[in-house]
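# Tertiary structure, described
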Amino acid sequence: MSESFDWASPSVGEAAPASPVLAPATQPYRPDTVIDGWAAEGFEVRAASVRGAGHRASGEPRQDELAVATHEGSLIAVVADGVSNAPLSHLGATMVCRTVVDYLQHAEAEIDWHDLLRCAGWSLVEFAARQSGGEPDPQRAEAQLASTVVVALIRPAEPGRAVAHLVRVGDSDAWRLRDGKWTPLFESLTQPEDELLPDGVSALPRVPSSVTPVEVPLSTGDVLVLGTDGFAEPLGDGGGEVGRLFGDGLADPPPLARLAWMLDFTGGPYDDDRTVLAIWPT
Amino acid sequence: MSESAGRVLPVYLVADESRSMSPVVDELNAGLRSLHDALLREPLAAAKVRFSIVGFSEDVIVHSALADLRNESSLPLLSVRTGTAYGVAFTLLLDRIPADVRALKREGFAVHRPAVFFLSDGQPTDVGQWESVYDQLVDRERTPTAPNIIACGIGEARAETILHVATRPEFAFVATPGVEVGLAIAEFCTALTRSVIKSGQAVGGNDAELVVERPDSFRMAVDVV
């Protein structure tokens, strides 16, 4: 083993103050960090979800979640971010990820994307009803479990090529990374001329009235990256330190733990949970 | 831009400094000290807040402006003077908030909608004057940076006045008769601290609609998460 590797988290920007790392006061067990990755016919996948310094210091669980699965040669990738103000949103994020995977594994070739998101939203309503033993109550589900989501379904084309379809609710995001350059795949939620940040994040169980997936062709050398706002915000337009760190680090599929190590970057004001799910067509 | 300087929430504590506040001004100052202590214990949260303290009576005094509380050794003390003219406080905010947001954006910050914590123990002495400037302050058409206002009334302040000042009914707090005023102030300061520290995400309305009916295709994927 190399003696030279420094396992201290990479730092970006101004050094962050040391802050405590407390056990999350939650049941069931929810790990601080999740690491995943594998290769399938036509794809290589790496994923990590890391609790941010804010939740570590306050003893709250990681509210980000991810899921990635294969289905008949396609790849299903989901990233979700439980809304902070909803106290059980970490469970909401998990529920959403699992429902989306299940839906797409049972769907017809022609996907009804609006129905997919409605079902993911409804899973929160039913889950909240089971928790409380009461009738389905969308308002209560929103107050308890609200979660953003970004979904990608990637179908292989010829070798080294694939086509991704993506939808989202909220501020979780997706990019195509090529030669260190980050191209956002969704329209920005904020405009430079906006005076203020949006007053809140839209999240399941709310679903936009119409849903049109973004279609993205991928070829060898492209990386499809999904991420929560804990990654999107420090990434910005990709031209800064975080963009370079991940632009270099994801040029090729890294060793599994390396992505989690990168994602645990410290510094600046960035203390949110962060999740990255990266896919390489092979 | 490349990386933004991060997100900040401008918070304005607007406190009544009329003579009648004399018995409770020490407790209010103590509440501010504990807010400051709480933020120093959570530097990551403190980094996302810029704190201004404004005192009003018949005139208005800015005790601190857009302070990064991590860099302040102590908070300024509120004092007492004469009069309770709400209008001077809202006029100052109307002038100050858009300029503050511009200044923060020039520094590279993305700015959350400002939050005003308004505390008064009396009825306004400028009835008929404060309402129009207030209307302009909270009108998001005329004032794009219009703040959310959380209002707390103690002593002689009437519930209907505090409800008028708060930008949402749930943002209005009126000390229940019989509750010790010091306790009400402590609760107000606790609410202030909590919301300043938890300034992060909230569920926000947009055109998306709640799913209110079970989709036909729905199947419960998992029973337990």
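Scroll up to find the structure this text is about.
A short tour of the structure in this document, coming up. Being a predicted model, the structure only gives us computed values, none of them experimental. (Residues numbered from 1 in each chain as written. Chains lettered and ligands numbered in written order. Predicted model: local features only at pLDDT ≥ 70, side-chain atom pairs only at ≥ 80, totals over all residues.)

Moving on: the interface of chain A and chain B. If you look at the interface, chain A gives 53 residues, while chain B gives 39 residues. Elements with a contribution of two residues or more to the side of chain A that touches chain B: α1 (53-58), α2 (89-106), α3 (113-132), α4 (138-145), β9 (206-207) and α6 (241-249) of chain A. Ranked by the residues each element gives to the side of chain A that touches chain B, the list is headed by α3(A), at 8 residues. (Contact = placed C-beta atoms within 7 Å. Helix = DSSP H or I, 4+ residues; strand = E, 2+ residues; numbered from the N terminus.)

Let us now look at the pairing of strand β4 (residues 74-82) of chain A. All names here are of chain A. Burial analysis of β4 places 9 of its 9 residues in the buried class, the great majority of the element. Side-chain alternation along β4 places Ser-74, Ile-76, Val-78, Ala-80 and Gly-82 on one buried face and Leu-75, Ala-77, Val-79 and Asp-81 on a second face that is also buried. Where strand β3 (residues 64-71) lies against β4, 8 bridges are found, and the strand directions are antiparallel. Paired with Thr-70 across the bridge in β4 is Leu-75. Connecting β3 to the antiparallel partner β4 that follows it, the hairpin turn spans 2 residues, and Glu-72 within it adopts a positive phi of roughly 45 degrees. In this sheet, strand β5 (residues 147-156) lies alongside β4 in antiparallel orientation, the contact comprising 8 bridges. (Buried ≥ 20, exposed ≤ 12 C-beta atoms within 10 Å, placed from the backbone. Pairing = 2+ DSSP bridges.)

With that settled, consider the sheet that holds strand β11 (residues 223-227) of chain A. All names here are of chain A. Taking strand neighbours across the sheet as the criterion, the 6 strands line up as β1-β2-β12-β11-β7-β8 in an open arrangement whose pairing is antiparallel. Either end of the sheet is taken by a strand with one partner, and the two such strands are β1 (33-40) and β8 (181-184). In this sheet, adjacent strand axes meet at a mean angle of 20 degrees when their direction is disregarded. Here helix α7 (residues 256-263) sits on the sheet in contact with β1, β2 (43-50) and β12 (274-281), set at roughly 40 degrees to β2. (Axes fitted to C-alpha atoms, helices over the stretch in contact; angles between N-to-C directions.)

Let's shift gears to the sheet that holds strand β6 (residues 161-169) of chain A. Residue and element names in this part refer to chain A. Taken in spatial order, the 5 strands make up an open sheet running β3-β4-β5-β6-β10, and their pairing is antiparallel. Of all strands in the sheet, those with a lone pairing partner are β3 and β10 (214-219), marking the two edges. On average, each strand axis in the sheet is inclined to that of its neighbour by 20 degrees, with strand direction left out of account. Sheet contacts for α2: β3, β4 and β5; angle to β4, the most-contacted strand, approximately 160 degrees.

Take unusual backbone geometry next. Cis geometry is found at the peptide bond from Gln27(A) to Pro28(A), where omega equals -5 degrees. Looking at the element boundaries, Pro28(A) is found in the segment before β1. One non-glycine residue, Glu72(A), lies in positive phi territory at about 45 degrees. Structurally, the position occupied by Glu72(A) is in the loop between β3 and β4. C-beta crowding within 10 Å serves as the criterion here: with 7 such atoms nearby, Glu72(A) is assigned to the exposed category. Even without being a glycine, Leu66(B) presents a positive backbone phi close to 45 degrees. Summarising the element assignment, Leu66(B) is placed in strand β3 (residues 60-67).

Bringing α6(A) into the picture now. All names here are of chain A. Residues of α6 that are buried: Val-242, Gly-243, Phe-246 and Gly-247. Down the axis of α6, the sector holding all buried residues measures 125 degrees, keeping them to one side. Buried positions along α6 lie against β7 (173-178), β8, α5 (229-235) and α7. (Arc of directions from axis to C-beta.)

Our next topic: helix α4 (residues 130-138) of chain B. Residue and element names in this part refer to chain B. For α4, the complete set of buried residues consists of Trp-130, Tyr-134 and Leu-137. On an axial view of α4, the arc spanned by its buried residues comes to 60 degrees, and they lie on one face. Summarising the geometry of α4, the exposed residues directed more than 90 degrees from the buried face are Ser-132 and Asp-135. On its buried side, α4 packs onto α3 (86-106).

Keep in mind that these numbers describe shape and distance, not what the molecule does.
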